[in-house]
Amino acid sequence: MRKKLLHKTQQIYIIYSIITFLIISPIFYFTTEKLYLDDTDETLMLNKERFEKQILPGFKIKDISTWNTYNPENLILDKIPIKKDSIFSTIDFSELEQEDEPYRMLFSPIKIEGQPYLYTEKINLVEAEDLLFSIAILFITLIILLMIGVFIITNRISKKIWKPFYELIHQIEEFEIDKDPKPHFKTTTIEEFNRLNEAVEKLMRKNIKIYNNQREFIDNAAHELQTPLAIFRSKIDLLIQRDDLTHGQAAIVVTINENIDRLIKLNKNLLILSKIDRNIELEVEKFSLKLLLEKQIEFFSGQANTKQIQIKNRISDDVIVNANKNLTEILFSNLLLNAMKYNVKNGTVIIELDNGKVSVSNTSDQTKIPKDKLFNRFSKSNQNQQGNGLGLAIVKKIVDQNNWEITYNYSKNRHFFTVTF
Amino acid sequence: MKILLIEDEQELSLSILQYLNGNGVLCEAVNNVLEALEKITMYQYDCILLDLSLPDGDGFEILKALKTQGKEEGVIIISAKSSLDTRIEGFNLGADDFLVKPFHLSELLVRIQALIRRKQFSGNTNLIFNEIEINLLSKSITINQSKVDLTKTELDLLLFLIGNKNKVLSKGAIAEHLSGDMADMLENHDFVYAHIKNLKRKLKQSGSEDYIKTIYGLGYKFQE
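Residues numbered from 1 in each chain as written. Chains lettered and ligands numbered in written order. Predicted model: local features only at pLDDT ≥ 70, side-chain atom pairs only at ≥ 80, totals over all residues. Heavy atoms only, no water.

## Comments concerning helix H5 (residues 105–119) of chain B
The test is simple: Where helices and strands are cited, they refer to DSSP runs of H or I of at least four residues and of E of at least two residues respectively, numbered from the N terminus. Multiplying 1.5 Å by the residue count of a helix minus one yields the expected span of that helix. Exposed residues in this analysis have more than 50% of their type's maximum accessible area, buried residues have under 20%, and partly exposed residues fall in between, with area computed by a 1.4 Å probe over protein chains only.
Helix length check: H5(B), at 15 residues, gives a terminal C-alpha distance of 21 Å against a target of 21 Å (1.5 Å per residue), a fit within 8%. When H5(B) is considered as a whole, its buried residues turn out to be B:Leu105, B:Ser106, B:Glu107, B:Leu108, B:Leu109, B:Val110, B:Ile112, B:Gln113, B:Leu115 and B:Ile116.

Structure representation (structure tokens):
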């Protein structure tokens, strides 16, 4: 189970306190009781010694009954004499309290006028019990106060001490490599956190640098490719003008031409991705999504006819979005293009706009596409497709950039891509 | 038609020259800003094709020079830079059109023709090819004095074909021309066939000769 760091330390403190309390309490109880008994025993012995020294020398057998009347706690009995002093605990009936109560008793052999007698003495232990009880309550109160104190103090201190740490976590969570602003860490008074901040900042800067280099590389590569591609295309345009091309040669040229077109398209897509990555040229404006989609449907209908695909317009609503119009066009034309590309003969493409959501769905002979890599660059679920693998990556980029959301679903043999605004 | 091509990529420059020279365009080529400035000061051109990144400077310098010299030449920027800022700057400095590399030579040719028509024959808006007469303003076409009903795309296609007469046009080049901005979103080029077929039929029905030839595998050619 996952716990917060603070709760973890607090939990340890509390468990420690409880264990300490459980161990200490009986020890404390028995020690206190023992001390009290020892004290009681000493008192008993002291009393006995005083009796022997001060009273016993002049004590007569006839005095015993009088003595016993006035000293109910200190009777002299002519019971079978014992040889040694003995002290023990016992329960006895208290006349005063009218109930059984614990006593500490001393039996000691004495001689009165040469006759053996038994000197008894008892001390009520009720007071000791009361004392113990009071001490226990004090003890518990102390422990509880201590625990509450520890709890509050650790809470306060931890929150204060760990504040930079939580700030760091927050910054890391918010961090997106392709987005500004760069994280900024406050310096703290705790050395470890400073080190951590510095390390994370260094790591982030390094990654941002690598990412930017990579981005620049893609951008440069795509830009540099344009000129050779332009030459390539122009040469093919010239080549097909030749009268002396044989059918065989023409077939080769056609294939080269088709692939040059693919290459150019791929390069253009890379440029679009790089443009979005660099976050440039993204003026936003308010426009009607309905109009934009209708324009797209019109464009794709021409292509759909030749492929015998039906595009169904189910636009029932309108949404005014505030975004870059050009990129939004690219977003939906890519979705529509895919819906056409992976469609089947006599299939359908349905465009719905309802409740602030646009969904583009199509029939296909493909089953559900695994979601994990769907929006990755150059990921293709089917190797023999003509796509360049960038369409959905561009779609995702544009959606992310606008903080929209895109979901993919497969139901009733239709692939659904839904964009929520 | 006299054209100045300012382009530093030798091979691209050669391709453009070769393609344009065959279609009644007289084309001179230079490959740097200095020579270009010399040429524009000395001669008068119908149109200038301008690359932006040149070895000794920026193509924009030439636009500025044209402006200060009060020259009226139409300028088509041909550049690999396609950003909005570049386009806006180009148009602000007086460029008339912007063609992003890589482009089809056929597209370049019709852009030149369109620009020259806009610049020079502002009064004359009729394009005549034998029995075919196209009014570019009203977008109407007559064959042997009788009106032919063409769709917008078919007219566009016809203009593209006539503009590139005697040239073989690949399906891709035609498809891209017809799709304009959306050219990158073409799934295939098959729809060109349908448009060509309809156009041929309509022209034939109106008594026009069959100028549109199918060049096996490669594409189409408008030929007398």
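## A word on the interface of chain A and chain B
Many structure descriptions define interface size as the accessible area lost when the parts assemble. Where we set the bar: Whether two residues are in contact is decided by their heavy atoms: any pair within 4.5 Å suffices. Note on definitions: buried area is the accessible-area loss of two parts on being combined, 1.4 Å probe, summed for both. Between Lys or Arg on one side and Asp or Glu on the other, a salt bridge is scored when a side-chain nitrogen of the former is within 4 Å of a carboxyl oxygen of the latter. Pairing of N or O atoms within 3.5 Å defines a polar contact, subject to two protein rules: one partner must be a possible hydrogen donor and the other a possible acceptor, and residues neighboring in sequence count only if both atoms are side-chain atoms.
Facing 38 residues of chain A, the contacting portion of chain B comprises 40 residues. Note on chain A versus chain B: buried area summed over both sides is about 3400 Å², and carbon and sulfur give 61% of it. Linking chain A with chain B are 2 salt bridges, by the criterion used here. Viewed at the interface, chain B and chain A are joined by 10 residue pairs in polar contact (both at pLDDT 80 or more). Only helix H4 (191–239), helix H5 (247–277), helix H6 (289–307) and helix H7 (325–341) of chain A provide two or more residues apiece to the side of chain A that touches chain B.

## As for the sheet that holds strand S1 (residues 76–77) of chain A
All names here are of chain A. Let me state the cut-off plainly: DSSP-based pairing: two strands are paired if at least 2 bridges between them are found.
What the 4 strands build is an open sheet, ordered S1-S4-S3-S2; its pairing is antiparallel. A strand with exactly one partner marks an edge of an open sheet, and here the two such strands are S1 and strand S2 (86–94). Where S1 and strand S4 (residues 115–124) come together, 2 bridges link them in antiparallel fashion. Across the sheet, Leu77 pairs through a bridge with Leu118, a residue of S4.

## Quick look at the environment of A:Asp400
Residue and element names in this part refer to chain A. Of note, Asp400 is situated in helix H8 (residues 391–401). Exposure remark for Asp400: the relative accessible area of 34% places this residue in the partly exposed category. Along the backbone, Asp400 and Phe151 are 249 residues apart, and their C-alpha atoms lie at a distance of 44 Å.

## Topic: the domain arrangement of chain B
Residue and element names in this part refer to chain B. Applicable threshold: The split of the chain into domains comes from an automatic or database domain assignment. Note on residue classes: Ala, Val, Leu, Ile, Met, Phe, Trp, Tyr, Cys and Pro are nonpolar, Asp, Glu, Lys and Arg are charged, and everything else, Gly too, is polar.
Under the domain assignment, chain B is made up of domain 1 (2–121) and domain 2 (126–222). At the interface, 10 residues of domain 1 touch 14 residues of domain 2. When the two sides are added together, the surface that domain 1 and domain 2 hide from each other amounts to roughly 910 Å², 50% of it contributed by carbon and sulfur. Summed over the three residues of domain 1 that lose the most area to domain 2, namely Asn23, His104 and Arg117, the buried surface amounts to 44% of that side. At the junction of domain 1 and domain 2, the tally comes to 0 salt bridges. Applying the counting rule to domain 1 against domain 2 returns 5 residue pairs in polar contact (both at pLDDT 80 or more). Considered class by class, the residues forming the side of domain 1 that touches domain 2 number 3 nonpolar, 5 polar and 2 charged.

## What about the sheet that holds strand S9 (residues 132–135) of chain B?
The strands making up a sheet associate through hydrogen bonds between their backbones, and the pairing can be parallel or antiparallel. Residues and elements named next belong to chain B. Test applied: Inter-axis angles, ranging from 0 to 180 degrees, are taken between N-to-C directions of lines fitted to C-alpha atoms, where helices are fitted over the stretch in contact.
Judged by pairing direction, the sheet is antiparallel, and its 4 strands sit side by side in the order S8-S9-S10-S11 without closing on themselves. Two strands close off the open sheet at either side, each with one partner strand: strand S8 (126–129) and strand S11 (146–148). Put simply, the sheet's adjacent strands are angled 25° from each other on average, direction ignored. The sheet contact formed by strand S10 (residues 140–143) and S11 spans 3 bridges and is antiparallel. Counterpart to Ile143 in the pairing with S11 is Ser146.

## Let's talk about the pattern of salt bridges
Residue and element names in this part refer to chain A. Summed over the entire model, instances satisfying the criterion amount to 21 salt bridges over all chains. Its salt-bridge partner being Lys48, residue Asp85 comes within 2.5 Å of it at the nearest N-O pair. Within this pair, whereas Asp85 is found in the loop between S1 and S2, its partner Lys48 is found in helix H1 (residues 5–55), the two being separated by 37 residues in sequence. Residue classification places Asp85 among the partly exposed residues on the basis of a relative accessible area of 32%. Two residues, Asp400 and Lys396, come together in a salt bridge whose shortest N-O distance is 3.2 Å. Within this pair, Asp400 and its partner Lys396 are both found in helix H8, separated by 4 residues, close to a single helical turn. Judged by its relative accessible area of 28%, Lys396 is partly exposed.

## As for the pairing of strand S8 (residues 348–354) of chain A
Regular strands place side chains that alternate from one sheet face to the opposite one. All names here are of chain A. Within S8, 5 of the 7 residues are buried, which leaves the element mostly enclosed by the surrounding structure. Direction of pairing for strand S6 (residues 310–315) relative to S8: parallel, over a ladder of 6 bridges. Looking at S8, one finds that Gln310 is bridged to Thr348. Relative to strand S9 (residues 357–363), S8 is paired through 6 bridges, and the arrangement is antiparallel. Looking across to S9, one finds that Ile350 is bridged to Ser361. In this structure, the hairpin formed by S8 and S9 is closed by a connection of 2 residues, where Asn355 is found at a positive phi of approximately 55°.

## Examining the confidence of the model for chain B
Residues and elements named next belong to chain B. Threshold: A score from 0 to 100, pLDDT tells how confident the predictor is in each residue.
Across chain B, the average pLDDT comes to 90, with 98% of residues at 70 or higher. The weakest mean pLDDT in chain B belongs to S8 at 85; the strongest belongs to strand S3 (residues 47–50) at 95. Here the predicted complex scores 0.72 on pTM and 0.91 on ipTM.

## Focus on the packing of aromatic side chains
Residue and element names in this part refer to chain A. To keep things clear, this is the line we draw: Two aromatic rings from Phe, Tyr or Trp, using only the six-membered ring of Trp, form a pair when their centres are within 6.5 Å; if the ring planes differ by under 30 degrees the pair is stacked, by over 60 it is edge-to-face, and anything between is tilted.
A complete count under the given rule lists 21 aromatic pairs over all chains for this structure. Both rings, one in Phe332 and one in Phe421, keep their centres 6.4 Å apart while their planes meet at 40°; by these two values the pair is tilted. Taken as a pair, Phe332 in helix H7 and Phe421 in the segment after strand S11 (414–420) lie far apart in primary sequence, 89 residues in all. Phe332 sits in the buried class, given a relative accessible area of 1%. Both rings, one in Tyr408 and one in Phe417, keep their centres 5.1 Å apart while their planes meet at 45°; by these two values the pair is tilted. Comparing Tyr408 with Phe417 shows no difference in burial state: the two are buried.

## Details of the domain arrangement of chain A
Under the domain assignment used here, chain A contains domain 1 (5–145), domain 2 (191–275) and domain 3 (283–420). Between the C-alpha centres of domain 1 of chain A and domain 3 of chain A there is a distance of 93 Å.

## Looking at the nonpolar core
Counted only if it meets this: By nonpolar core we mean a set of buried residues, namely Ala, Val, Leu, Ile, Met, Phe, Trp, Tyr and Cys, connected to one another through side-chain atoms within 4.5 Å.
Ranked by size, the top nonpolar core spans 105 residues in total, and within it A:Leu335, B:Ile16, B:Leu49, B:Ile141 and B:Leu158 carry the most contacts. No other element matches H7(A), which puts 9 residues into this core. Discounting residues that sit within four places of it in the chain, A:Leu335 has contacts with A:Val360, A:Leu392, A:Val395, A:Ile406, A:Phe417 and A:Val419.

## What about a negative patch on the surface?
The test is simple: Any residue with relative accessible area above 30% and no salt bridge may belong to a patch, with like charges joined within 9 Å and the nonpolar Val, Leu, Ile, Met, Phe, Trp and Tyr side chains within 5 Å. Note on areas: Shrake-Rupley, 1.4 Å probe, and residue coverage restricted to the protein chains presented here. Note that His is not counted, nor are the chain ends; the positive residues are Lys and Arg, and the negative ones are Asp and Glu. The location of each charge is read from NZ of Lys, CZ of Arg, CG of Asp or CD of Glu.
A contiguous patch of negative charge on the surface is contributed by A:Glu283, A:Glu285, B:Glu35, B:Glu38, B:Asp56, B:Asp58, B:Glu61, B:Asp85 and B:Glu89. Elements supplying a minimum of two residues to the negative patch: helix H2 (33–42) and helix H4 (84–92) of chain B. In this structure, B:Glu89 sits in helix H4. Note on B:Glu89: relative accessible area 36%, which makes it partly exposed.

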